[in-house]
Every structure is written in C-alpha cells, then in structure tokens.
Amino acid sequence: MALPEIASREEWRAARAELLVREKAATRARDALNAERRRLPMVEIEEEYVFEGGDGKATLLDLFEGRDQLVVHHFMFAPEWDAGCRGCSAFLDQIGHPAHLKARGTTFAAVSRAPYPKILPFKARMGWTVPWYSSYGDRFNHDFEVTLEADGEQTERSGISCFLRDGGRVFHTYSTYERGLDGLGSTTSLLDLTVLGRQEEWEEPVGRASALGAPAGAVRIRYHDEYDF
C-alpha cells in the first residue's frame, strides 16, 4: 500500500497551507457554478403525472406539500425487483433531518417505478421516513430520463430532479444523474441544485431568494425543533 510520506509537523503545515489555496479556489469555482445553475432556464410541466403515496393518489404539485421547491430523488426500484437499488439506498441513508430543507421552502421526496405495495415494506425495513412515491404505470421516469429504453429493454439509472412551484404552475429547473449525485446528501448540497439556492444574501443572482416572498437570509440555521412551521 502506497501510504503518504512521513513529515514533521512544520512540513505538514506548509503542505497543508499550499493545498488550502487550491481548496479555496475550488470553493469559489463551485459557488460560481452554482450561480450559473440558478441562471438556467426552466420548463413548465404540463403533463398530468399521477403518483401513489401514503395518502393515495397524488399529482406532482401535491409532492411539494405546499412549499415552493421540490427535490426528487429518482430511486432505482423497477417494478419486477424485490428490493430497491443498493446504491440508491446508501444515498438515501445520507439524507438528514428534513426540517432544514422545509424551513427554506423545499420538500425532498423519493420516486420509483415499483408499485407502492412493494415500496412500503422496503421503506419500513430501511427505517426511512422521507416521502416516497410510486410512478408505476406513469411516464414520469421516462420523461425525466431515469428509465431508458434500448433494443426493447428498459434500464434504470439514479438521478435528482428539481422543481419550482409558482402558484399552481410547476417548472422543471434542473436534473443530474449517476455520478452527478456524488457529494450530495447534505442540506446545502441539495439547496445548491435549486433555483433559490441556500437563500443567503451573498448568493447570485441577487434577489433570487426573496423572489417568492421569503426575505433573503431571514431563515438562519436553528435546532431542527425550533423552526416556525
């Protein structure tokens, strides 16, 4: 095994300081990339998708639970499978308490093609509490390019899609797939994929966070049982 070289504390500090310069540059580049993502155009969703969840049938608008933004995890679970994808399961294990997303007007939900009666016992086995819906018999997975067809066969891939609600209108703003999910899972990493971002005053474009009525920077990090909702 090729392990790092052994150095003195002073040598380590010097090497660490040199690396820190590049790390800060990467952080600034990531902030700029996130701003460009927020400037992407959006597409209005006119298809009447129908899902099944814990409360029965639901529309895409229902999945928002009244909030302004929706982040959907396209969880690989084909109708013929007996259990969900292991990689998708590991990803969902990383999702923390939903209060921090909800406080920023954002709902997180999983969607799979498997029928809901198959999803329910697997969700209970894994101990997850996030909303999880079935798109069985619907075009949702195909339209958002996570169920692919080639040579008469269907294959699944993981992904994340983000949506924005303006009254009763729903817009698709962003999607990423497979390796695009690397490093995601924290509240800030998911918010960075959305149109409204982290809703901090320093973010570009200026004024985006307050576009739908939530003053920029008004919501600060709190204990998850102290948010006002």
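The structure reproduced in this document is the subject of the present report. Fair warning: this is a prediction, and the values are worked out from it, not measured in the lab.

What to know about the overall build of the chain
- The number of helices and strands found in the chain is seven helices and ten strands.
- A principal-axis box enclosing the C-alpha atoms of the chain has dimensions of 60 × 50 × 40 Å.
- Out of the 229 residues in the chain, the part that is buried amounts to 43%.
- Sequence separation of 24 or more characterises 62% of the internal contacts of the chain that already satisfy a separation of 6 or more.
- A total accessible area of about 13200 Å² is found for the chain, and carbon and sulfur atoms account for 52% of it.

Quick notes on the pairing of strand E7 (residues 147-150)
- Pairing of E7 with strand E8 (residues 153-156), which is carried by four bridges, proceeds in the antiparallel orientation. Its bridge partner lying in E8, Glu-149 is registered against Gln-154.
- Hairpin connection of E7 to E8: two residues between the antiparallel strands, including Asp-151 at a positive phi of 55 degrees.

Things to note about the packing of aromatic side chains
- What the rule picks out here adds up to 13 aromatic pairs.
- Geometrically, the ring pair formed by Tyr-49 and Phe-144 is tilted, given 6.1 Å between the ring centres and 55 degrees between the ring planes. In this pair, Tyr-49 sits in the loop between strand E1 (43-44) and strand E2 (51-53) while Phe-144 sits in the loop between helix H6 (140-143) and E7, placing the two residues 95 residues apart along the sequence. Both residues of the pair, Tyr-49 and Phe-144, belong to the buried class.
- Pairing Phe-75 with Trp-132 gives two aromatic rings, centres 4.6 Å apart and planes at 50 degrees, and the pair type is tilted. One end of the pair, Phe-75, is in the loop between strand E4 (69-74) and helix H3 (86-93); the other, Trp-132, is in strand E6 (residues 132-134), and 57 residues separate them in sequence.
- Residue class for Phe-75 comes out buried when judged on its relative accessible area of 1%.
- Residue Trp-132 is classed as buried on the basis of its relative accessible area, which comes to 2%.
- Its guanidinium or amino end placed over the ring of Tyr-174, Arg-37 lies 4.9 Å from that ring's centre, counting from NZ or CZ.
- Cation over ring: Arg-157 sits above Tyr-177, and NZ or CZ is 3.9 Å from the ring centre.

Observations regarding unusual backbone geometry
- Geometrically, the link from Glu-204 to Pro-205 is a cis peptide bond, its omega value of -5 degrees lying close to zero.
- One can find Pro-205 in the segment after helix H7 (187-191).
- Phi at Glu-65 takes a positive value of approximately 55 degrees, unusual for a residue other than glycine.
- Assignment of secondary structure puts Glu-65 in the loop between helix H2 (60-63) and E4.

Considerations on the pattern of salt bridges
- Under the definition given, this model contains 14 salt bridges.
- The salt bridge involving Arg-169 is made with Glu-44; its shortest N-O contact spans 2.8 Å. Taken together, the residues span a long stretch of sequence, with Arg-169 in strand E10 (residues 169-177) and Glu-44 in strand E1 at a distance of 125 residues.
- Relative accessible area serves as the criterion here: at 43%, Arg-169 is assigned to the partly exposed category.
- Here Arg-179 and Asp-182 are joined by a salt bridge, their closest N and O atoms 2.4 Å apart.
- Linked by salt bridges that have partners in common, Glu-36, Arg-39 and Glu-204 make up one network.

Cut-off values and rules
Residues numbered from 1 in each chain as written. Predicted model: local features only at pLDDT ≥ 70, side-chain atom pairs only at ≥ 80, totals over all residues. Heavy atoms only, no water. Helix = DSSP H or I, 4+ residues; strand = E, 2+ residues; numbered from the N terminus. Buried < 20%, exposed > 50% of the residue type's maximum accessible area, 1.4 Å probe, protein only. Contact = heavy atoms within 4.5 Å. Areas by Shrake-Rupley, 256 points an atom, 1.4 Å probe, with all protein chains shown as cover. Pairing = 2+ DSSP bridges. Phe/Tyr/Trp six-rings, centres within 6.5 Å; stacked < 30°, edge-to-face > 60°. Lys NZ or Arg CZ within 6 Å of the ring centre and 35° of its normal. Salt bridge = Lys/Arg side-chain N within 4 Å of Asp/Glu carboxyl O.

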